[in-house]
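Given next are the chains, with one letter for each unit.
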Amino acid sequence: MTLTANVRARSTAAQGDAALAAAAREHAARMAQRNVLSHQLPGEPQIQDRATQAGARFTTIAENIAVAPNRQPFIQHGCNRPSSRKHS
């Protein structure tokens, strides 16, 4: 079982959070303005701090910043860079 599947198997159902969703939309808008995919943009707080500032309470937090039908676009975008591989 992969780590992600293991975590999902032990997790309770996720609950929506309007403030956290708004913070995510703001981050997505900043990425779109800069035409870049990044978990943290220059001058922006880390995800943990952005979520806390939005009012979220969490033990562990993660984010997906893109979606595609397979991994090829991410590989082409540069996820094979050493700085990106450290997150996998």
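The rules behind the values
Residues numbered from 1 in each chain as written. Predicted model: local features only at pLDDT ≥ 70, side-chain atom pairs only at ≥ 80, totals over all residues. Heavy atoms only, no water. Salt bridge = Lys/Arg side-chain N within 4 Å of Asp/Glu carboxyl O. Helix = DSSP H or I, 4+ residues; strand = E, 2+ residues; numbered from the N terminus. Buried < 20%, exposed > 50% of the residue type's maximum accessible area, 1.4 Å probe, protein only. Contact = heavy atoms within 4.5 Å. Expected span 1.5 Å × (residues − 1). Arc of directions from axis to C-beta.

Asks: Can you help me understand the pattern of salt bridges in this one?
Replies: Here the idea is simple: oppositely charged side chains can pair when their charged atoms come close. In this structure the tally under the stated criterion is three salt bridges. The partner of Arg 30 in a salt bridge is Glu 44, with the nearest N and O atoms 2.7 Å apart. Here Arg 30, found in helix H2 (residues 18–34), pairs with Glu 44, found in the loop between H2 and helix H3 (47–53); they are 14 residues apart in sequence, far enough to count as distant. The residue Arg 50 makes a salt bridge to Glu 44 at a minimum N-O spacing of 3.3 Å. Residue Arg 50 shares its accessibility class with Glu 44, and that shared class is buried. Overlapping salt bridges bring together Arg 30, Glu 44, Arg 50 and Glu 63 as one network.

Asks: What should I look at first to understand the side chain of His 27 in this one?
Replies: Take His 27: it is sitting in helix H2. Aside from chain neighbours lying at most four places away, what touches His 27 is Ser 38, His 39, Gln 40, Leu 41, Glu 44, Arg 50, Glu 63 and Ile 65.

Asks: Just to check I follow, could you spell out unusual backbone geometry for this structure?
Replies: Residues apart from glycine generally show negative phi values, whereas peptide bonds are mostly found in trans. With a phi close to 55°, Asn 35 is a non-glycine residue in the positive phi region. Inspection of the secondary structure assignment puts Asn 35 in the loop between H2 and H3. Since its relative accessible area comes to 70%, Asn 35 is described here as exposed.

Asks: Teacher, can you tell me more about H2 here?
Replies: In an α-helix there are 3.6 residues to a turn, and that puts residues three or four apart on one side. Over its 17 residues, H2 extends 24 Å from the first C-alpha to the last, a length consistent with the 24 Å expected when each residue adds 1.5 Å. Taken together, the buried positions of H2 are Ala 23, His 27 and Met 31. With its buried residues spanning 80° around the axis, H2 presents them on a single face. In this structure, H2 carries Ala 18, Arg 25, Ala 32 and Gln 33 as exposed residues pointing more than 90 degrees from its buried face. Positive phi shows up at Asn 35, right after H2, with a value of about 55°.

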